[in-house]
Amino acid sequence: MKKIAVITYHRSYNYGAVLQAYATVKFFENQGFDVKIIDYYPQNLRGFGTYKNSFNDVSNANRNFLVRCILTLVKTPGYKKLKKAFDYFIDKELPLTDSFYSLEELKNNLIDFDIYCTGSDQVWNNYYTHNFDGAYFLDFVLDDKAKIAFAASFGKSKFTEEENSYLREKLSKYDYISVREKTGVDIAKKVGRDDCDLMLDPTLMVEPEIWNDFASKDTIDDKYILVYQLHGDSDTYEQAKKISQQLNFKIVRIITMPHQKSKGCINIVTPDIHQFVSLFKNAEIILTDSFHGTVFSILYSKKLGVTMPKRFGNRITTLLDQLDARELIIHDLEKWSDNDFQALYSKVIPKLSELRYEKNELINKHLEEFK
């Protein structure tokens, strides 16, 4: 059995990140590979949950010293709980290599694999790290080894000329590249990779039944509207309250910080990974600005309203364009209606199955070469 090593953001303490890592493992296992996730743990990830890391969080960068101190004190306990929940899942349920803390350690100590894979997730996005990390471009891999990228993401839609020059050099060594967004295909072409494929996110590349088995058995007895917002959109929660009153549904909010609790709803602080999926599976209506929130809403054919984030929304629009489902994006929640979803999903779900089959065939052609 051929061995494949995957490097991705499996320790970024984000639900989408760990779910795509889990799905990537299942995808390659289904193709007949022995899969390991490289437990790459650079300094910027190791500090998560510490007061120092909370203080230096990029979202705090433009705030004054006193405000940053207050936010650090408020947020750090929540970050610690988040880290504990995610580390438990990562260490117990993902097939990891030994841990590596730098690119040099990877170069000197990683065991041998047949194929090395970058992706998925925003592994080629230099916004949060300020600099590209050569580890995610497989700089530690020998020249004669097979190198692929599976549904990788740049996160951004454009780069500077200097950044494009870097990407041109790094991407030239890959035997096969697929990316998650249409803008990613455009970037790859700009730096000389005309052969780059547009791929579905790994959570969509595996058979949907996997997620039924994955979801926890925990349920909420009442019918509920699920609100999952990554970008603090208070209008969404206000609209959820109006829908709740009209339909007599409860409101459930997924949050990661205790201080984010709202009155008048069921606040679920840092659900474990299995419960997270279960909350989408069992909801009646979902309002979200999250890509993976959108993914699981579609997988379970839920009545859905997608509010677009101000940054890094390309992956949502790419997916909805592929499914001919742009109407799921809601620009004015006041006008949202729960009508006609049955008709919509009667088209979307077959289209998704067709795309899944098409993308599997696309990547399998290349994987067969490496086998």
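Residues numbered from 1 in each chain as written. Predicted model: local features only at pLDDT ≥ 70, side-chain atom pairs only at ≥ 80, totals over all residues. Heavy atoms only, no water.

Draft legend 1. Seen up close, the pattern of salt bridges. Under the defined criterion, the tally for this structure stands at 16 salt bridges. The closest approach of N and O atoms between R180 and D201, which form a salt bridge, is 3.0 Å. Of this pair, R180 sits in the loop between β6 (176-179) and α7 (182-190) while D201 sits in the loop between β7 (197-198) and α8 (202-205); the two residues are 21 residues apart in sequence, bridging distant segments of the chain. A relative accessible area of 3% means that R180 is categorised as buried. Given the relative accessible area of 2%, D201 is considered buried. In the salt-bridge network here, residues are joined through shared partners; they are R11, D39, K83, D87 and D91. (Salt bridge = Lys/Arg side-chain N within 4 Å of Asp/Glu carboxyl O. Helix = DSSP H or I, 4+ residues; strand = E, 2+ residues; numbered from the N terminus. Buried < 20%, exposed > 50% of the residue type's maximum accessible area, 1.4 Å probe, protein only.)

Draft legend 2. Examining the nonpolar core more closely. The biggest cluster of nonpolar side chains holds 126 residues, and the ones touching the most others in it are F28, W124, F140, W211 and I298. Once residues lying within four places of it in the same chain are set aside, the contact partners of W211 are L19, Y22, A23, T203, V206, V277, F296, L299 and Y300. (Core = buried A, V, L, I, M, F, W, Y, C linked by side-chain atoms within 4.5 Å. Contact = heavy atoms within 4.5 Å.)

Draft legend 3. How the structure looks around the sheet that holds strand β5 (residues 146-152). Read from one edge to the other, the open sheet built from seven strands follows the order β3-β2-β1-β4-β5-β6-β7, with strand pairing classed as parallel. Looking at the sheet topology across the chains shown, the edges are occupied by β3 (96-100) and β7. When β6 meets β7, the two strands line up parallel, connected through two bridges. Bridge pairing links S178 to D197 in β7. With respect to the sheet, helix α14 (residues 341-370) is in contact with β4 (115-118), β5, β6 and β7, its orientation differing from that of β5 by roughly 165°. (Pairing = 2+ DSSP bridges. Axes fitted to C-alpha atoms, helices over the stretch in contact; angles between N-to-C directions.)

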